[in-house]
Amino acid sequence: AYNDFVLDAVETSKAVGKPVKVIWTRAEDMQHSMYRPSTYNVLTAALAPDGTPLAWKHHIVGPSILSYLPPVKHLLKDGMDATSVAGAADVFPYAIPNVFVDYVLHNPGVPVGFWRSVGNSQNGYIMEGFIDELAHAAGKDPYRYRRQLLAKQPRFIGVLDLAAEKAGWGKPAPQGVHRGIATAYSYGSHVAEVAEVSVAKDGKVKVHRVVCAVDPGWVVNPDTFTAQMESGILYGLSGALFGEITIKNGRVEQSNFHDYPLPRMTDMPKIEVYFLHGEGEQGGAGEPGVPAAAPAVVNAIFAATGKRIRKLPIKPEMLRT
């Protein structure tokens, strides 16, 4: 989507008067890149006496990915960058009678670009973290609470029930392990995920298992689809647990694996993927595994510690006892 490396090669070739091959080092690539947008969100809700939500308000402040590209009309919604509100305003599955979502463009000067599942990645985390807070405020089971609010969404109900069943929701988890649940719709596929998580005394989070149920309409190659969902889940976990870029004096501080860690094999949870073959157009595989991964983990962390994670990545100091 971006041509900065092309310009680098062209300008270098012109300067020396001959063809050149430009290869950036990892540090150059990390420190001169397009980054996942950082957004600030304020959410409020009103609950009826029985805990049913009557109103939902979501205020999003953040940069625009499309502002760094030529106009892409099919991604604009009423002239606005639709990627910024994807997963928050384009599809709102829960049966809440009064919903208001607004977006304020704020450009902090850090160039932003496409991260796997784009706006759904952060908005899925935010939406599903907040609906979980409402469930606990209402004194309801998070799975049952979602199910009640998705009563008119049969495909959401399907994946929610399947994920809960396969994960053993409501049954005792292994000692020290707690479960969290999240749903998401993106790129034509309905997804629900249950994460099994433990939190050590030093605050370190370990994800032991992720159970994913997906309804993509129909699947041509189940093995390929499964691999895409597995990698999408790992991608979401990497951002939730490790991925942090910091800026100091106008420069990116991280440069390589020593200060920008990624999940290693020992961090990899067991991932189970189950399909529901629904009706309708074929949904995506590459991106829908991401949005529910982070909220399933932070919701499990709340079940384990009683602490809400409202900022990513999750750091041990947030959870130390």
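**Notes on the sheet that holds strand β6 (residues 178–186)**
Phase 1 of the analysis: With mixed pairing, the four strands of this open sheet are ordered in space as β6-β7-β8-β11. Both outer strands of the open sheet, β6 and β11 (270–275), are each paired with one neighbouring strand and no more. Looking at each pair of strands side by side, their axes are set apart by 15 degrees on average, direction ignored.
Phase 2 of the analysis: Bridge count between strand β8 (residues 205–215) and β11: six bridges; the pairing is parallel.

**Digging into the nonpolar core**
Phase 1 of the analysis: Membership of the largest hydrophobic core comes to 34 residues, with the highest contact counts inside it found for Val197, Val205, Val207, Val297, Ile301 and Ile314.
Phase 2 of the analysis: Counting residues per element, the ones that place at least two in this core are α3 (119–137), β6, β7 (189–199), β8, α6 (222–241), β11 and α7 (293–305).
Phase 3 of the analysis: Ranked by the residues each element gives to this core, the list is headed by α7, at seven residues.
Phase 4 of the analysis: Leaving out residues up to four positions away in the same chain, valine 297 has contacts with Ala195, Val197, Val205, Val207, Leu237 and Ile314.
Phase 5 of the analysis: If you look at the next biggest cluster of nonpolar residues, it comprises 30 residues, including Trp56, Ile131, Tyr145 and Ala192.

**Let's talk about the side chain of serine 189**
Phase 1 of the analysis: Note that serine 189 resides in strand β7.
Phase 2 of the analysis: Classification of serine 189 as buried rests on a relative accessible area of 0%.
Phase 3 of the analysis: Among all residues touching serine 189, those that are not within four sequence positions of it are Ala184, Val214, Asp215, Pro216, Phe225, Gly283, Gly284 and Pro288.

**Some details on unusual backbone geometry**
Phase 1 of the analysis: Cis peptide bonds are those with omega within 30 degrees of zero, and the linkage from leucine 312 to proline 313 qualifies with 0 degrees.
Phase 2 of the analysis: Within the element layout of this structure, proline 313 appears in the segment after α7.
Phase 3 of the analysis: Even without being a glycine, serine 117 presents a positive backbone phi close to 80 degrees.
Phase 4 of the analysis: Along the chain, serine 117 falls in the loop between β5 (98–105) and α3.
Phase 5 of the analysis: Judged by relative accessible area, serine 117 falls into the buried class, the value being 0%.

**So, the packing of helix α4 (residues 142–149) against helix α5 (residues 154–167)**
Phase 1 of the analysis: Viewed as axis vectors pointing N to C, α4 and α5 meet at an angle of 165 degrees, and their least axial separation amounts to 10 Å. Viewed along their axes, α4 and α5 adopt a mutual orientation that is roughly antiparallel. Viewed along their axes, α4 and α5 form a crossing whose handedness is left-handed. Within the contact between the two elements, α4 uses Tyr143, Arg146 and Arg147 and α5 uses Ile157, Leu160, Asp161 and Ala164.
Phase 2 of the analysis: Of the residues belonging to the contact of α4 with α5, the class tally is four nonpolar, no polar and three charged.

The rules behind each value
Residues numbered from 1 in each chain as written. Predicted model: local features only at pLDDT ≥ 70, side-chain atom pairs only at ≥ 80, totals over all residues. Heavy atoms only, no water. Pairing = 2+ DSSP bridges. Helix = DSSP H or I, 4+ residues; strand = E, 2+ residues; numbered from the N terminus. Axes fitted to C-alpha atoms, helices over the stretch in contact; angles between N-to-C directions. Core = buried A, V, L, I, M, F, W, Y, C linked by side-chain atoms within 4.5 Å. Buried < 20%, exposed > 50% of the residue type's maximum accessible area, 1.4 Å probe, protein only. Contact = heavy atoms within 4.5 Å. Parallel < 35°, antiparallel > 145°, perpendicular 65-115°, else oblique. Left-handed = near helix turned anticlockwise from the far one by under 90°. Nonpolar A, V, L, I, M, F, W, Y, C, P; charged D, E, K, R; others polar.

No statement about biological role is implied by the geometric values presented.
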